Amino acid sequence: MLLEDERAALCGTGRRLAAAGLVTGTSGNVSVRAGDLVAVTPGGMMLDRMGPADCPVVNMAGRIVDGERAPSSETPMHLALYGAAPAGAIVHTHSTYATVVATTMAELPPIHYNTLLLGGVVKVAEYATYGTPELAENVRRAMEGGKRAALMANHGGVAIGGDLDEAFENARLLEWLCGVYVRARTIGEPRILTDEELAKVVERGLVPPGLTG
């Protein structure tokens with residue numbers, strides 16, 4: 001089976017996402033790149049119930065080269081991000097707080113210095129129907145400038161990483177930051193860190209990890 005290890009790793013990440021509450025039902029999708037090939041979760045299947053053979057392999061043009069199931073409808077978005085950033089893996093979730101912020105905000109401001117681990121201010125990509133080239137392009141633009149995560153208007157969130165572990169942790173951090181922001185708004189107006197304050201954090205050594213895709 002082509003990319004057997006990568007497909008097995010997708011299943012492990014799917015189970016972690018479900019256990020962490022970052023996906024429900026058949027929502028969300030994951031992919032991992034190996035050279036010019038991408039193993040991706042299948043469409044219409046719960047991520048914690050997949051086996052390696054359920055995960056198709058596509059080339060960078062989106063053509064299936066191995067596997068019986070159809071790839072996730074969001075495969076065009078994954079491929080667009082691989083074409084634009086040196087990522088090795090991508091995680092897309094419909095997690096609660098990320099979706100709340102994506103439905104109400106134009107961006108997630110830096111309310112905590114760990115925002116720097118995602119490349120700074122997290123932008124909200126303009127809305128487009130799921131699975132379309134328009135959505136793929138909107139997300140690609142939102143991730144420009146070395147971003148490691150973006151929100152998708154009225155939809156969810158997406159995070160990239162050098163490998164599946166890093167992409168998963170970035171997705172979990174995105175949800176945590178969105179949760180802090182939403183909860184903070186219930187008791188007052190959150191204080192936003194300034195560029196100067198963030199620069200001082202960078203001076204102390206907190207910088208985004210390099211993508212090793």
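Structure: above.
Read on for a plain summary of the structure. Keep in mind the model is a prediction, meaning the values are calculated, not measured.

1. Structural notes on the pattern of salt bridges
Next up, step 1: Enumeration according to the criterion identifies 12 salt bridges in this entry.
Next up, step 2: Taken together, the salt bridges that share partners define one network made up of Arg16, Asp165, Glu169 and Arg172.

2. Things to note about the sheet that holds strand β5 (residues 89–93)
Next up, step 1: Reading across from one edge, β4-β3-β2-β1-β5-β9-β8-β7-β6 is the order of the 9 strands in this open sheet, with mixed pairing throughout. Edge positions in the sheet fall to β4 (64–66) and β6 (107–108), since each of these pairs with one other strand and no more.
Next up, step 2: Looking at chain direction, strand β3 (residues 57–59) and β4 are connected through 2 bridges and run antiparallel. Among the inter-strand pairings, Val58 is bridged to a residue of β4, identified as Ile64.

3. Some details on the state of the cysteines
What is meant by a disulfide is a covalent connection between two cysteines, made through their sulfur atoms.
Next up, step 1: A full pass over the atoms with the stated rule returns 0 disulfides.
Next up, step 2: The closest cysteine sulfur to the non-disulfide-bonded Cys11 is located on Cys55, 4.2 Å from its own sulfur.
Next up, step 3: Overall, Cys55 belongs to the buried group, its relative accessible area being 0%.

4. With respect to the packing of aromatic side chains
Next up, step 1: This structure, assessed with the given rule, holds 0 aromatic pairs.
Next up, step 2: Directly above the ring of Phe168 sits Arg16, whose terminal nitrogen or CZ lies 3.9 Å from the centroid.

5. Examining the side chain of Thr115
Next up, step 1: Inspection of the secondary structure puts Thr115 in the loop between β6 and β7 (122–125).
Next up, step 2: On the basis of relative accessible area, Thr115 is assigned to the buried category, the value being 2%.
Next up, step 3: A polar atom in the side chain of Thr115 sits 2.7 Å from the backbone oxygen of His112.
Next up, step 4: The residues touching Thr115, leaving out its near neighbours within four places in the chain, are Pro109, Pro110, Gly120, Val121 and Leu177.

6. Observations concerning the packing of helix α3 (residues 96–104) against helix α5 (residues 164–185)
Helix-helix packing is described using two parameters, namely the angle between the two axes and the distance between the axes.
Next up, step 1: One can describe the packing of α3 onto α5 by two numbers: an axis separation of 7 Å at closest approach and a directional angle of 60°. Of the two possible hands of crossing, α3 and α5 adopt the one that is left-handed. On the side of α3, the interface is formed by Thr96, Tyr97, Ala98, Val100 and Val101, while α5 contributes Glu175, Cys178, Gly179, Val182 and Arg183.
Next up, step 2: Of the residues that constitute the contact of α3 with α5, the class distribution is 6 nonpolar, 2 polar and 2 charged.

7. Considering the packing of helix α1 (residues 4–19) against α5
Next up, step 1: Between α1 and α5, the least distance of the axes is 11 Å, while the angle of their chain directions is 20°. In this view, α1 runs roughly parallel relative to α5, as classed from their interaxial angle. As for the relative orientation of α1 and α5, their crossing is right-handed in sense. Here Ala9, Leu10, Thr13, Arg16 and Leu17 of α1 come into contact with α5, specifically with Leu164, Asp165, Phe168 and Glu169.

Thresholds applied
- Residues numbered from 1 in each chain as written.
- Predicted model: local features only at pLDDT ≥ 70, side-chain atom pairs only at ≥ 80, totals over all residues.
- Heavy atoms only, no water.
- Salt bridge = Lys/Arg side-chain N within 4 Å of Asp/Glu carboxyl O.
- Pairing = 2+ DSSP bridges.
- Helix = DSSP H or I, 4+ residues; strand = E, 2+ residues; numbered from the N terminus.
- Disulfide = S-S within 2.5 Å.
- Buried < 20%, exposed > 50% of the residue type's maximum accessible area, 1.4 Å probe, protein only.
- Phe/Tyr/Trp six-rings, centres within 6.5 Å; stacked < 30°, edge-to-face > 60°.
- Lys NZ or Arg CZ within 6 Å of the ring centre and 35° of its normal.
- Polar contact = N/O pair within 3.5 Å; in protein donor to acceptor, adjacent residues only side chain to side chain.
- Contact = heavy atoms within 4.5 Å.
- Axes fitted to C-alpha atoms, helices over the stretch in contact; angles between N-to-C directions.
- Left-handed = near helix turned anticlockwise from the far one by under 90°.
- Nonpolar A, V, L, I, M, F, W, Y, C, P; charged D, E, K, R; others polar.
- Parallel < 35°, antiparallel > 145°, perpendicular 65-115°, else oblique.

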